[in-house]
Amino acid sequence: MIKHELKDENFDKTLISSLMKGFLKIIILWIITKERIHGYEIIKKMKEGIEAHPDIEFQGPGPNKIYPILHDLEKKELIKGNWELHGKRRVKYYEATEKGLNTIEIMRKRPHKNIPPIMRKFWVDVISNE
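Right, let's walk through the structure included here. (Residues numbered from 1 in each chain as written. Predicted model: local features only at pLDDT ≥ 70, side-chain atom pairs only at ≥ 80, totals over all residues. Heavy atoms only, no water.)

Some words on unusual backbone geometry
The phi torsion at Glu77 lies on the positive side, around 65°, for a residue other than glycine. Tracing the chain through its elements places Glu77 in the loop between helix 4 (63–75) and strand 2 (79–86). (Helix = DSSP H or I, 4+ residues; strand = E, 2+ residues; numbered from the N terminus.)

In C-alpha cells form, the structure reads like this:
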C-alpha cells in the first residue's frame, strides 16, 4: 500500500457520497432488522451524526428516497408494513420478514462467498479497515 499524508481538504467528496448512497437500500433493511420502525424514524436515524462530519457531502436521505426504497423492500418481501392509528394520524411501521432477516444474516456470515477478489480486497482495505 502506498503511504501518503492525509489532508482533510484534499479528497473527492462526491465519490464518498455516492458510495454511501449506493448502500442505502441495504442499510435501511439492516435498520429494520434491528427494530420495528416507521419511515420518519429511519430518516432521523440516517441523519444522526451527519452534522459531526461536515466534510462529507451526505445530507442523509429524505422521504423522496426512503419511501420508494421501503416500497421496494416490501414488494421483494424483505419487510412488511402495518398501519397503526396514532391519534388522528395513520403511521406505517415496518418490520423485517424471515427473508429480510436471512438476507442480512447471509451478508454477515458469508460476505465474501460470491464477491470477486478485487472487491473483497477493496472492502477489507477501505470499508472495514481490518
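The structure having been displayed, the exposition proceeds.
Regarding the environment of Thr33
Turning to its location among the elements, Thr33 is positioned in helix 2 (residues 24–34). Counting along the chain gives 46 residues from Thr33 to Ile79, while the straight-line C-alpha distance between them is 8.6 Å. Excluding its chain neighbours within four sequence positions, the residues that come into contact with Thr33 are Ala96, Gly100, Leu101 and Ile104. (Contact = heavy atoms within 4.5 Å.)

Section: the pattern of salt bridges
The final tally for this structure, using the stated rule, is six salt bridges. Residues Lys25 and Asp72 are paired through a salt bridge, measuring 2.5 Å at the closest nitrogen-oxygen approach. Remark: Asp72 occurs in helix 4 and Lys25 occurs in helix 2; sequence separation between them is 47 residues. Each of Lys25, Asp72 and Lys76 takes part in a single network of salt bridges with overlapping partners. (Salt bridge = Lys/Arg side-chain N within 4 Å of Asp/Glu carboxyl O.)

Looking at the sheet that holds strand 2
The antiparallel open sheet is built from three strands, whose spatial order is 1-3-2. The open sheet has two edge strands, strand 1 (37–38) and strand 2, and neither has a second partner. Across two bridges, strand 1 lies against strand 3 (residues 89–96) in antiparallel orientation. The residue bridging Ile37 from the neighbouring strand is Tyr94, located in strand 3. In the packing of helix 2 onto the sheet, the strands contacted are strand 1, strand 2 and strand 3, and the crossing angle to strand 3 comes to about 95°. Along the sheet, helix 4 makes contact with strand 2 and strand 3, crossing strand 2 at roughly 120°. (Pairing = 2+ DSSP bridges. Axes fitted to C-alpha atoms, helices over the stretch in contact; angles between N-to-C directions.)

A short note on the packing of aromatic side chains
What the rule picks out here adds up to zero aromatic pairs. The ring of Trp83 has Arg90 lying over it, and the distance from NZ or CZ to the ring centre is 4.4 Å. (Phe/Tyr/Trp six-rings, centres within 6.5 Å; stacked < 30°, edge-to-face > 60°. Lys NZ or Arg CZ within 6 Å of the ring centre and 35° of its normal.)

Observations concerning the packing of helix 2 against helix 3 (residues 39–47)
Angle between the axes and distance between the axes are the two parameters that describe a pair of packed helices. Between helix 2 and helix 3, the shortest axis-to-axis distance is 11 Å and the interhelical angle comes to 115°. In this view, helix 2 runs roughly perpendicular relative to helix 3, as classed from their interaxial angle. Helix 2 and helix 3 meet at a crossing whose hand is right-handed. Between helix 2, through Leu24, Ile27, Ile28, Ile31 and Ile32, and helix 3, the contact on the second element is made entirely by Ile42, Lys45 and Met46. Partitioned by chemical class, the residues of the contact of helix 2 with helix 3 number seven nonpolar, no polar and one charged. (Parallel < 35°, antiparallel > 145°, perpendicular 65-115°, else oblique. Left-handed = near helix turned anticlockwise from the far one by under 90°. Nonpolar A, V, L, I, M, F, W, Y, C, P; charged D, E, K, R; others polar.)

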